[in-house]
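Close look at the chain arrangement
Chain by chain, the residues run as shown.
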Amino acid sequence: MRKSLLVFLAAWVSIAFGQAPPPGGGGPGRGMPPPKNLKILKPEEVIPTMFAIRSGLGVRCDFCHNPQDYSSDEKGHKLTARKMLEMVNNINTNTFAGNQKVVCWTCHRGQEKPEAAPPVQMPGRGPGGGPGGGAPAGPPPAQ
């Protein structure tokens, strides 16, 4: 009896709380309000994309959003994020036949600002190409 009660409760909890929000992000009395001011994403893409941005850049929601009004465009990071989403969509569409190969993580690697390029190191030389590091060695000074 006790085991069947636990199975029933587990099933009820997963049904009651495990459902995805309805299309459009919910509505009054159904969780989150529907998203507003969408310019790039479809309503059903908002939550997965926000989680991808969060993990890709290592930032929280308030990095791009005003917590009092998520639809506001007052933060420059939100406008930049839109441009970056367009860039990523264009790369995936035009280079990879629409397959999602490039994501925020591809460049950002969990950092707010991606590194522009890896440090150059030639075999047998330090960083920057010079012996032991620094700038590459040039000709000896004129005497």
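Our structure is the block above this text.
One structure accompanies this document, and this report is about it. (Residues numbered from 1 in each chain as written. Predicted model: local features only at pLDDT ≥ 70, side-chain atom pairs only at ≥ 80, totals over all residues. Heavy atoms only, no water.)

1. A short note on the pattern of salt bridges
Applying the stated rule across the entire model yields 2 salt bridges. The closest approach of N and O atoms between D73 and R82, which form a salt bridge, is 3.1 Å. Overall, the relative accessible area of 27% leaves D73 in the partly exposed class. Each of D73, K78 and R82 takes part in a single network of salt bridges with overlapping partners. (Salt bridge = Lys/Arg side-chain N within 4 Å of Asp/Glu carboxyl O. Buried < 20%, exposed > 50% of the residue type's maximum accessible area, 1.4 Å probe, protein only.)

2. Thoughts on the environment of N92
By secondary structure assignment, the location of N92 is in helix α3 (residues 76-95). Counting along the chain gives 10 residues from N92 to V102, while the straight-line C-alpha distance between them is 6.3 Å. (Helix = DSSP H or I, 4+ residues; strand = E, 2+ residues; numbered from the N terminus.)

3. Quick notes on unusual backbone geometry
One non-glycine residue with positive phi stands out, namely A97, at about 50°. With respect to the helices and strands, A97 occurs in the loop between α3 and α4 (104-108). Of note in this structure, R109 is not a glycine but carries a positive phi near 50°. Tracing the backbone through its elements, the reader meets R109 in the segment after α4.

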